[in-house]
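Topology and contacts: notes
Residues per chain, in single letters:
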Amino acid sequence: MTREVQITFDCADPGSLAEFWAEALGYEIQKPPGSFTSWDDALDAMGVPPERRNDASAVVDPDEAGPRLFFQKVPEGKQAKNRVHLDVRAAPGLDGTARMNALEAEAERLVACGATRLERHDPHLPFGAGHIVMADPEGNEFCLD
C-alpha cells in the first residue's frame, strides 16, 4: 500500500514561507475548506483569533502530482544544517553548460523571490551533474538540481 507524503517546515512566518515555496515550485496556497471563499472567512467561523492566523499555511500542487507542503509556526529559529532537504529539479534532462545555465537562471529567479544562493557545484563526471545550493527566506537549504 502506498502512502501520501506531506513535507512539513517549522518556521517563524508560515504565510510568507508558503508564498515563497508556491512561487518556487509553481504550487498554490491551499484553498479554504468547504464552501468558504477565503481563509479569513473560514478562520472567523472556526473562532481563530487574528493573532493566531499565521500559525500555519500550506501549498499544494495544482496538478495533484507533488506532495503538499505544510508550514507551522515554531518559537525557535533554525538551529543547524538541514538533515533532509528538497531538490528542486530545475534542469531535468540537461547536461553540461545547458544544465548549469538553466540552474543559474532559476537561481536568479529565486533570489528575486527571497532565496539566498549558497554555493555552486560544477559537474564532476561520472556521478556529479552539477547543482546549486540555495536557502529559502528562513534559511532552509535546498538544491537546484
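Now for a look at the structure at hand.

The rules behind these values
Residues numbered from 1 in each chain as written. Predicted model: local features only at pLDDT ≥ 70, side-chain atom pairs only at ≥ 80, totals over all residues. Heavy atoms only, no water. Helix = DSSP H or I, 4+ residues; strand = E, 2+ residues; numbered from the N terminus. Buried < 20%, exposed > 50% of the residue type's maximum accessible area, 1.4 Å probe, protein only. Contact = heavy atoms within 4.5 Å. Areas by Shrake-Rupley, 256 points an atom, 1.4 Å probe, with all protein chains shown as cover. Lys, Arg positive; Asp, Glu negative; His and termini not counted. Charge placed at Lys NZ, Arg CZ, Asp CG, Glu CD. Pairing = 2+ DSSP bridges. Axes fitted to C-alpha atoms, helices over the stretch in contact; angles between N-to-C directions. Phe/Tyr/Trp six-rings, centres within 6.5 Å; stacked < 30°, edge-to-face > 60°. Polar contact = N/O pair within 3.5 Å; in protein donor to acceptor, adjacent residues only side chain to side chain.

What about the overall build of the chain?
- Within the chain, the secondary structure is distributed over three helices and eight strands.
- N-terminal to C-terminal, the α/β element order of the chain is β-α-β-α-β-β-β-α-β-β-β.
- With the principal axes as the frame, the chain shows a C-alpha extent of 55 × 35 × 35 Å.
- For the chain, with 145 residues in total, the buried portion stands at 32%.
- For the chain, the share of sequence-separated contacts (at least 6 apart) that also reach a separation of at least 24 residues comes to 58%.
- Accessible surface, the chain as shown: approximately 9,200 Å² in total, 52% of it carbon and sulfur.
- Both charge centroids of the chain, one from 14 positive and one from 26 negative side chains, sit 5 Å from each other.

Describing unusual backbone geometry
- For glutamate 64, which is not glycine, the phi dihedral falls at a positive 60°.
- The exposure class assigned to glutamate 64 is exposed, which follows from its relative accessible area of 72%.

Comments concerning the sheet that holds strand 7 (residues 131–135)
- Pairing is mixed across the open sheet formed by four strands, whose spatial order is 5-8-7-6. Lying at the two open borders of the sheet, with one neighbouring strand each, are strand 5 (86–88) and strand 6 (116–121). The average undirected angle you get between the axes of adjacent strands in this sheet is 25°.
- Sheet topology places strand 6 next to strand 7; five bridges connect them, and they run antiparallel.

Quick look at the packing of aromatic side chains
- Taken as a whole and assessed by the stated rule, the structure comprises five aromatic pairs.
- Look at phenylalanine 20 and tryptophan 21: their rings are 5.3 Å apart centre to centre, the planes differ by 85°, and that puts the pair in the edge-to-face class.
- Exposure remark for phenylalanine 20: the relative accessible area of 3% places this residue in the buried category.
- Given the relative accessible area of 1%, tryptophan 21 is considered buried.
- On the numbers, 6.3 Å between centres and 55° between planes, the contact of phenylalanine 20 with phenylalanine 142 is tilted. Highlighted residues: phenylalanine 20 in helix 1 (residues 14–25) and phenylalanine 142 in strand 8 (residues 141–144), separated in sequence by 122 residues. Like phenylalanine 20, the residue phenylalanine 142 is buried in the burial classification.

Section: the environment of glutamine 30
- Along the chain, the position of glutamine 30 falls in the loop between strand 2 (28–29) and helix 2 (39–46).
- C-alpha of glutamine 30 to C-alpha of proline 67: the two residues are 37 residues apart in sequence and 12 Å apart in space.
- Every residue in contact with glutamine 30, bar those within four places of it in the chain, is listed here: Trp39, Ala58, Val59, Val60 and Arg68.
- Within the structure, glutamine 30 has its side chain in polar contact with the side chain of arginine 68 (distance 2.6 Å).

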